[in-house]
Amino acid sequence: MGIKKTLAYPLSLGNAPLRSLIIVGMMILVWQALFPQKLNYLAYFVAAYFFLFPVWWTQAAEEYTQEVVRGWHLAITKPVSPISYHIASSVGEWLMDIAVELPIGLALVFIFHLPIALNLLPLLWVVLFLWRIAEVYFLMGFSYFFYSIWGFTVSFRLSEIFLSGMFVPLAFISSSLRKALSVLPFYHSGYSMIEMFITGKLNVLSLLILLVWSLVLIVAGYFIHAKGWKRFESQGG
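In short, a report on the structure. (Residues numbered from 1 in each chain as written. Predicted model: local features only at pLDDT ≥ 70, side-chain atom pairs only at ≥ 80, totals over all residues. Heavy atoms only, no water.)

### Examining the side chain of Arg132
Stage number 1. Residue placement: Arg132 occurs in helix H6 (residues 121-140).
Stage number 2. Aside from chain neighbours lying at most four places away, what touches Arg132 is Phe53, Pro54, Val55, Trp57, Glu160 and Ser189. (Helix = DSSP H or I, 4+ residues; strand = E, 2+ residues; numbered from the N terminus. Contact = heavy atoms within 4.5 Å.)

Below you can see the structure in the form of structure tokens.
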């Protein structure tokens, strides 16, 4: 369903790579001006925006809220659970964006001879994909209690963008501050992933921490959904 929805509007497939190219260009100009020759900015931001699952996919949780508000939309998903159906459909849309972005990212790697460890791509994608699912599942749980969860998702998304090094390379901050940030999952879903891509060295501890955080959000999300679903059934949407 997600793939069909995307193919129904084929011109929308250009949004993802265009957005990534613009952001990469802007980030390079800004940080090169502030800290010239301190970092391979092209490699860093290409890894961040062409080889990591997009942070803004958390907006899929906002779309689920609208289904909960309408109520009757959820019935057509049986026997698949409405939550699983919605996540799977959103993944389908998102995979179409990846199918367009990945070739451009690979082209940039080979044209500019960027030090991106493509052999790590499958493993890092699996771990990051589980984290993205956990994020969305957790945020979706608030849909039963609030008419709009836009504020929740935006706050979560902005926190990850800035604290993960997607906008501000964490290489420029002190090691003590990086150590403090490493307690949060965002450090491991962004900066640590980018470092692994550029250095080619696998950080097993970082991956384990991100998996633990994924489990925490899934468990927390389960209890929120269980309580929210009872509220939804008792009130009829």
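### What to know about the pattern of salt bridges
Stage number 1. This model, assessed by the stated rule, comprises 4 salt bridges.
Stage number 2. Between Glu160 and Arg132 there is a salt bridge, with its nearest N and O atoms 2.9 Å apart. With Glu160 in helix H7 (residues 150-163) and Arg132 in helix H6, this pair connects stretches of sequence that are 28 residues apart.
Stage number 3. Looking at Glu160, the relative accessible area reads 0%, which means it is buried.
Stage number 4. Of the residues examined, Arg132 reaches a relative accessible area of 2% and is grouped as buried.
Stage number 5. Each of Arg132, Glu135 and Glu160 takes part in one network of salt bridges that share partners. (Salt bridge = Lys/Arg side-chain N within 4 Å of Asp/Glu carboxyl O. Buried < 20%, exposed > 50% of the residue type's maximum accessible area, 1.4 Å probe, protein only.)

### Thoughts on a nonpolar patch on the surface
Stage number 1. Taken together, the side chains of Leu123, Val126, Leu130, Leu202, Val204, Leu208 and Leu211 make up a nonpolar region of the molecular surface, amounting to roughly 570 Å² of accessible area.
Stage number 2. Note on placement: Leu211 falls in helix H11 (residues 204-235). (Patch = residues over 30% accessible without salt bridge, like charges linked within 9 Å, V, L, I, M, F, W, Y side chains within 5 Å. Areas by Shrake-Rupley, 256 points an atom, 1.4 Å probe, with all protein chains shown as cover.)

### Focus: unusual backbone geometry
Stage number 1. Of note in the backbone geometry, Gln37 takes a positive phi value of approximately 60° without being a glycine.
Stage number 2. Position of Gln37 relative to the elements: it lies in the loop between helix H2 (15-34) and helix H3 (41-50).
Stage number 3. Taking the relative accessible area as the measure of exposure, Gln37 reaches 76% and is therefore exposed.

Geometry only, nothing functional implied.
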